[in-house]
Amino acid sequence: MPSTPAGRRSGASNRSRADQAPSTWLPPTVGYRCQCVTDWVADKMRWGLSVDTGEQAALTEVLDDCPDVPVTVTLAR
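Residues numbered from 1 in each chain as written. Predicted model: local features only at pLDDT ≥ 70, side-chain atom pairs only at ≥ 80, totals over all residues. Heavy atoms only, no water.

## A short note on the confidence of the model for the protein chain
Do not read the fine detail of predicted coordinates wherever pLDDT is low. Here the protein chain averages 80 in pLDDT, and 77% of its residues register 70 or above. Low pLDDT, under 50, characterises residues 1-7; the stretch is placed with 10 contacts to residues that sit more than four places away or in other chains. (pLDDT = per-residue confidence, 0-100. Contact = heavy atoms within 4.5 Å.)

Structure representation (structure tokens):
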């Protein structure tokens, strides 16, 4: 797979992800997982969406390896 800048996914990786939650899909490159998961959390917070138990477990597992990574949320209007 060709490398892509941080935070960007290749076309194939993007298609494999579709609309899957972190409990069922994470980027194949471990270095992008913190960004992926913090973006997911920010989107959930932005739109006031709930998190199911499987999703929470997956988020917690990844975030345990992402110490001090900020989550930036822009609230929806």
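## So, the pattern of salt bridges
All chains considered together, the criterion is met by one salt bridge. The salt bridge partner of Lys44 is Glu55, with a shortest N-O separation of 3.3 Å. Linking Lys44 in helix 2 (residues 33-47) with Glu55 in helix 3 (residues 53-63), this pair joins segments that are 11 residues apart in sequence. Just as Lys44 is buried, Glu55 falls in that class too. (Salt bridge = Lys/Arg side-chain N within 4 Å of Asp/Glu carboxyl O. Helix = DSSP H or I, 4+ residues; strand = E, 2+ residues; numbered from the N terminus. Buried < 20%, exposed > 50% of the residue type's maximum accessible area, 1.4 Å probe, protein only.)

## A look at the environment of Leu75
Counting through the fold element by element, Leu75 comes out in the segment after helix 3. Separated by 33 residues in sequence, Leu75 and Ala42 place their C-alpha atoms 9.0 Å apart. Contact partners of Leu75, with chain neighbours within four places excluded, come to Met45 and Arg46.

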